[in-house]
Amino acid sequence: MAINVSIPTILRTHTGGQKSVEANGSTVAEIINDLDSRHSGLKDRLVKEGNLHRFVNVYVNDEDVRFVGGLDATVSDGDSVTILPAVAGGMR
Amino acid sequence: MARYDSLLDALGDTPLVGLPSLSPSENVRLWAKLEDRNPTGSIKDRPALAMIEAAEKEGRLTHGCTILEPTSGNTGISLAMAARLKGYGLVCVMPENTSEERRQILQAFGARIVSSPAEGGSNQAVVVAKELAEQNPDWVMLYQYGNSANAESHYHTTGPEILRDLPSITHFVGGLGTTGTLVGVGNYLHDQKPGMQVVAAEPRYGELVYGLRNLDEGFVPELYDENVLTRRFSVGAYDALRRTRQLLESEGIFAGISTGGVLHAALTIAEKAARAGETADIAFIVADAGWKYLSTGAYTGTLDEAAQRLDGQLWA
């Protein structure tokens, strides 16, 4: 089961510049572990002490995983995962 | 009552209007809170005035002072109006990639604009403003991202207005920027009504905006409290534009682009509730009207073209 994962500019050093990569897994944690097995160092950038890095947001189909189980959030075939750094909002 | 002693007194008490065409069923209804009906045309009049009044009360802000604020638009415009009426100077730190209308309005009110680099978006505006604050200790930075008066203004005005007008409310949906609206309204509704669902719609920009030098430059507003939120959606320019146009075509509401993002989240929830046979009254915020975004081309041409034009812009 392949899930498409979108990688932000700042983390593309780990993916050889690729904007999106494929990964396998049924939870966000499994996806990250699978990514790390091929794109070494990625997990360290995303996960701190068992939780998502404070300035990293992960979305499954546009929904923030922190509200649907965090690293245990489930991912199914055909879902898309997006990783983004936290930034200040726009026209505030 | 529609007579006020001054423009500032006309703040708030905005209409909540039903959306008969977009609501999926009789039992699942959508309601739009028209915050463009505030003195300068956006929801930001509420926190801007509240932050000024709090600083006046604390004695931090006195006649002739200069206010400094990182803002890419609406808050700056609200502050500029209030500053003009109250006799303050205003310096706004604004990212380069914001719409031309905002610059012109700020200049018309007499505000000074300091540009911050497009890359990094509002994060960079915050960084530049903090540097300017250090160099100019006599300037007063209100700092909307961390000023409790921001969220409190919504706790004391926006929230109570919504509950008064829609006692049967089940969901509140708002845009996530400083997080003041969601934290303030959300906390008020949670305090008044158990089981409230508070949903955030966060804009997803083009890559330029996320172009930080390192992850630790990332930013979460000091006001943010994730315990207030039930769900949080990230909405891209295409969906935001599609919903902005749909709101205009179906309900006659000419809203700004960020409202399209909020409506997208509200409709996602509404459709899910309708499928599950639930009853829901979903109130969402129309933060401003579309006037300030005409130059972005948001309302003309195909959606793909319009979304392309917004890439790299701060549209919400």
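No experiment lies behind these values; they were computed from the predicted model shown.

Rules used in this analysis
Residues numbered from 1 in each chain as written. Chains lettered and ligands numbered in written order. Predicted model: local features only at pLDDT ≥ 70, side-chain atom pairs only at ≥ 80, totals over all residues. Heavy atoms only, no water. Helix = DSSP H or I, 4+ residues; strand = E, 2+ residues; numbered from the N terminus. Buried < 20%, exposed > 50% of the residue type's maximum accessible area, 1.4 Å probe, protein only. Axes fitted to C-alpha atoms, helices over the stretch in contact; angles between N-to-C directions. Parallel < 35°, antiparallel > 145°, perpendicular 65-115°, else oblique. Left-handed = near helix turned anticlockwise from the far one by under 90°. Contact = heavy atoms within 4.5 Å. Nonpolar A, V, L, I, M, F, W, Y, C, P; charged D, E, K, R; others polar. Core = buried A, V, L, I, M, F, W, Y, C linked by side-chain atoms within 4.5 Å. UniProt positions renumbered as here; feature names shortened; annotations may be inferred. Phe/Tyr/Trp six-rings, centres within 6.5 Å; stacked < 30°, edge-to-face > 60°. Salt bridge = Lys/Arg side-chain N within 4 Å of Asp/Glu carboxyl O. Domains from an automatic or database assignment. Buried area = accessible area lost by both parts, 1.4 Å probe. Polar contact = N/O pair within 3.5 Å; in protein donor to acceptor, adjacent residues only side chain to side chain.

A count of helical and extended segments in chain A gives two helices and seven strands. In sequence order, the secondary structure elements of chain A are arranged as β-β-α-α-β-β-β-β-β. Considered along the principal axes of its C-alpha atoms, chain A spans approximately 40 × 30 × 25 Å. Split into buried and exposed, the 92 residues of chain A put 55% on the buried side.

It is worth spelling out the packing of helix 1 (residues 45–57) of chain B against helix 2 (residues 74–86) of chain B at this point. All names here are of chain B. Contact pair helix 1 / helix 2: the axes reach a minimum separation of 8 Å and the direction vectors enclose 45°. As summarised for this structure, helix 1 and helix 2 are arranged oblique, according to the angle between their axes. For the element pair helix 1 and helix 2, the recorded crossing hand is right-handed. Contacts between helix 1 and helix 2 pair Asp45, Ala48, Leu49, Met51, Ile52 and Glu56 from the former with Thr75, Ser78, Leu79, Met81, Ala82 and Lys86 from the latter. Among the residues forming the contact of helix 1 with helix 2, the class breakdown is seven nonpolar, two polar and three charged.

What follows concerns the nonpolar core. Grouped together as the largest cluster of nonpolar side chains are 72 residues, with contacts concentrated most on Val5 and Val28 of chain A together with Leu30, Val173, Ile257, Ile282 and Phe284 of chain B. Among the elements that make up this core, the one with the highest residue count is helix 8 (residues 257–275) of chain B (nine residues). The residues touching phenylalanine 284 of chain B, leaving out its near neighbours within four places in the chain, are Leu19, Leu30, Trp31, Ala32, Lys33, Val173, Thr259, Val262, Leu263 and Ala266 of chain B. If you look at the next biggest cluster of nonpolar residues, it comprises 26 residues, including Trp31, Leu163, Leu189 and Ile285 of chain B.

Residue and element names in this part refer to chain B. Sequence positions flagged by UniProt for "binding site: pyridoxal 5'-phosphate" (unreviewed entry) are, in local numbering, Asn74, Gly177, Thr178, Thr179, Gly180, Thr181 and Ser258. Among all residues touching threonine 179, those that are not within four sequence positions of it are Pro221, Leu223 and Tyr224. In this fold, serine 258 is placed in helix 8.

This part covers unusual backbone geometry. Backbone geometry at aspartate 62 of chain A places phi at a positive 75°, although glycine is not the residue there. A relative accessible area of 25% places aspartate 62 of chain A in the partly exposed class. With a phi close to 55°, tyrosine 143 of chain B is a non-glycine residue in the positive phi region. Considering the arrangement of structural elements, one finds tyrosine 143 of chain B in the loop between strand 6 (140–141) and helix 5 (148–165). You can call tyrosine 143 of chain B buried: its relative accessible area is 12%.

Those residues of helix 3 (residues 100–108) of chain B that fall on the buried side of the exposure criterion are Glu101, Arg102, Arg103 and Leu106 of chain B. Packing partners of the buried residues in helix 3 of chain B comprise helix 2, strand 4 (89–95) and strand 5 (112–116) of chain B.

A few words on the packing of aromatic side chains. All names here are of chain B. Tallied over the full model, the rule gives five aromatic pairs over all chains. Ring centres of tyrosine 155 and tyrosine 188 lie 5.4 Å apart, and the angle between their planes is 85°; on these two criteria the pair is classed as edge-to-face. Highlighted residues: tyrosine 155 in helix 5 and tyrosine 188 in helix 6 (residues 180–192), separated in sequence by 33 residues. A relative accessible area of 25% means that tyrosine 155 is categorised as partly exposed.

Moving on, we get to the pattern of salt bridges. All chains considered together, the criterion is met by 18 salt bridges over all chains. With its nearest N and O atoms 2.8 Å apart, the salt bridge here joins glutamate 207 of chain B to arginine 12 of chain A. With glutamate 207 of chain B in the loop between strand 8 (197–204) and strand 9 (231–236) and arginine 12 of chain A in the loop between strand 1 (3–6) and strand 2 (20–23), the pair connects residues from two separate chains. Between lysine 292 of chain B and aspartate 288 of chain B there is a salt bridge, and its shortest N-O distance comes to 3.4 Å. Residue classification places aspartate 288 of chain B among the buried positions, given a relative accessible area of 0%. If you follow the salt bridges from partner to partner, you end up with Lys33, Glu35, Arg46 and Glu161 of chain B in one network.

Looking now at the domain arrangement of chain B. Residue and element names in this part refer to chain B. Splitting chain B by domain gives domain 1 (8–37 + 158–303) and domain 2 (45–141). Taking only C-alpha atoms, the centre of domain 1 and the centre of domain 2 are 24 Å apart. On the domain 2 side, the residues contacting the 24 residues of domain 1 number 22 residues. Of all residues in domain 1, Leu8, Leu11 and Lys292 bury the most surface against domain 2, accounting for 38% of the area lost on that side. Applying the counting criterion to the domain 1 and domain 2 interface returns two salt bridges. Across the salt bridge formed by glutamate 35 and arginine 46, the nearest N and O atoms sit 2.7 Å from each other. Remark: the boundary between domain 1 and domain 2 carries nine residue pairs in polar contact (both at pLDDT 80 or more). Taken together, the residues of the side of domain 1 that touches domain 2 sort by class into nine nonpolar, seven polar and eight charged.

Counting from both sides, the interface comprises 27 residues of chain A and, opposite them, 43 residues of chain B. Of the roughly 3,000 Å² buried where chain A meets chain B, counting both sides, 56% is carbon and sulfur surface. Across the pair arginine 232 of chain B and aspartate 64 of chain A runs a salt bridge, and its minimum N-O distance is 3.4 Å. In this structure, the connection of chain A to chain B is made through eight residue pairs in polar contact (both at pLDDT 80 or more). Sorting the residues of the side of chain A that touches chain B by element identifies strand 5 (56–60), strand 6 (63–64) and strand 7 (80–85) of chain A as the ones contributing at least two each. Residue composition of the side of chain A that touches chain B, by class: 12 nonpolar, six polar and nine charged.

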